[in-house]
Amino acid sequence: MSAEAIFSMSNLFAMAGWLILVIAPRKRWATTTAGVVMPLTLAALYLLLLVSRYGEARGGFSSLPAVATLFSNSWLLLAGWIHYLAFDLFVGAWEVRDASRHGIPHLLVVPCLLLTFMFGPIGFMAYCALRTIGAGRFTPSVSTSRSPHPSDR
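Just so it is clear, the structure is predicted and the values come from calculations on it, not from any experiment. (Residues numbered from 1 in each chain as written. Predicted model: local features only at pLDDT ≥ 70, side-chain atom pairs only at ≥ 80, totals over all residues. Heavy atoms only, no water.)

## Details of the nonpolar core
Grouped burial of nonpolar side chains is what soluble globular proteins tend to show.
Inference 1: Membership of the largest hydrophobic core comes to 17 residues, with the highest contact counts inside it found for L21, I104, V109, L113, Y127 and L130.
Inference 2: Counting residues per element, the ones that place at least two in this core are α1 (3–23), α2 (28–53), α4 (74–101), α5 (106–119) and α6 (121–133).
Inference 3: Broken down by element, the residue count for this core peaks at four residues, all from α4.
Inference 4: The residues contacting L21, other than those within four sequence positions of it, are A34, L89, G92, A93, V96, H106 and L113.
Inference 5: Membership of the second largest hydrophobic core comes to 11 residues, among which are I6, L49, L85 and A86. (Core = buried A, V, L, I, M, F, W, Y, C linked by side-chain atoms within 4.5 Å. Buried < 20%, exposed > 50% of the residue type's maximum accessible area, 1.4 Å probe, protein only. Helix = DSSP H or I, 4+ residues; strand = E, 2+ residues; numbered from the N terminus. Contact = heavy atoms within 4.5 Å.)

In structure tokens:
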């Protein structure tokens, strides 16, 4: 299979995870699938690419020109892209779970998810700002599995 075909399939796979997070954020299966199973699948593909192609690499991580040389290998560039896909999806799923725990309305989280999808750290920063600015406005979700504390009555 070509690097381009793996690139396309990986993008579609990650996109499915993002759609799950936007459409079904409060379902346990959704955050488990999009936040654990899918990033782990991408991580396994990343590992496979590194193990199979790293030996043919020139360059490294010691300088920007060395990184540019490393990523001139399309297979290692693909591995780097899959690295981004896996971590950004993991962070997006964390945002959804954390927002749920803190009672943050999902419609406010969706723009952060879109930013995380497109620009990674900027979306994470936006979510952290939303959470900080909204502190005190949102109420934590109450789990039905716990017994009420006497002070809750």
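## Topic: the environment of P25
Inference 1: Tracing the sequence through the fold places P25 in the loop between α1 and α2.
Inference 2: Of the residues examined, P25 reaches a relative accessible area of 11% and is grouped as buried.
Inference 3: Taking the C-alpha atoms as reference, P25 lies 8.4 Å from S100; in sequence the two are 75 residues apart.
Inference 4: Apart from residues lying up to four places away in sequence, P25 is in contact with I20, T31, V96 and H106.

## Topic: the packing of aromatic side chains
One pair of aromatic rings is described through two measures. These are the centre distance and the angle between the planes.
Inference 1: Taken as a whole and assessed by the stated rule, the structure comprises four aromatic pairs.
Inference 2: With a centroid separation of 5.6 Å and an interplanar angle of 85°, the aromatic rings of W94 and Y127 are classed as edge-to-face. Residue W94 is located in helix α4, and its partner Y127 is located in helix α6; the two are separated by 33 residues in the primary sequence.
Inference 3: Following the ring pairs from residue to residue traces out a cluster consisting of W94, F124 and Y127. (Phe/Tyr/Trp six-rings, centres within 6.5 Å; stacked < 30°, edge-to-face > 60°.)

## Comments concerning the confidence of the model for the chain
Inference 1: Scored by pLDDT, the chain comes out at a mean of 88, with 88% of its residues at no less than 70.
Inference 2: Predicted confidence is poor over residues 142–153, with pLDDT under 50, and the contacts of this stretch with residues over four places away or in other chains come to two contacts. (pLDDT = per-residue confidence, 0-100.)

## What to know about the packing of α1 against α4
Inference 1: One can describe the packing of α1 onto α4 by two numbers: an axis separation of 10 Å at closest approach and a directional angle of 5°. Taken together, the axis directions place α1 and α4 in an arrangement best described as roughly parallel. Residue-level contacts link A3, I6, F7, S10, N11, A14, G17, W18 and L21 of α1 to S74, W75, L78, W81, I82, L85, D88, L89, G92, A93 and V96 of α4.
Inference 2: In the contact of α1 with α4, the residues fall into 14 nonpolar, five polar and one charged. (Axes fitted to C-alpha atoms, helices over the stretch in contact; angles between N-to-C directions. Parallel < 35°, antiparallel > 145°, perpendicular 65-115°, else oblique. Nonpolar A, V, L, I, M, F, W, Y, C, P; charged D, E, K, R; others polar.)

## A closer look at the packing of α2 against α4
Inference 1: Contact pair α2 / α4: the axes reach a minimum separation of 9 Å and the direction vectors enclose 165°. Our classification of the angle between α2 and α4 gives roughly antiparallel. When you trace α2 past α4, the crossing you get is left-handed.
Inference 2: Looking at the contact of α2 with α4, its residues break down into 20 nonpolar, three polar and two charged. (Left-handed = near helix turned anticlockwise from the far one by under 90°.)

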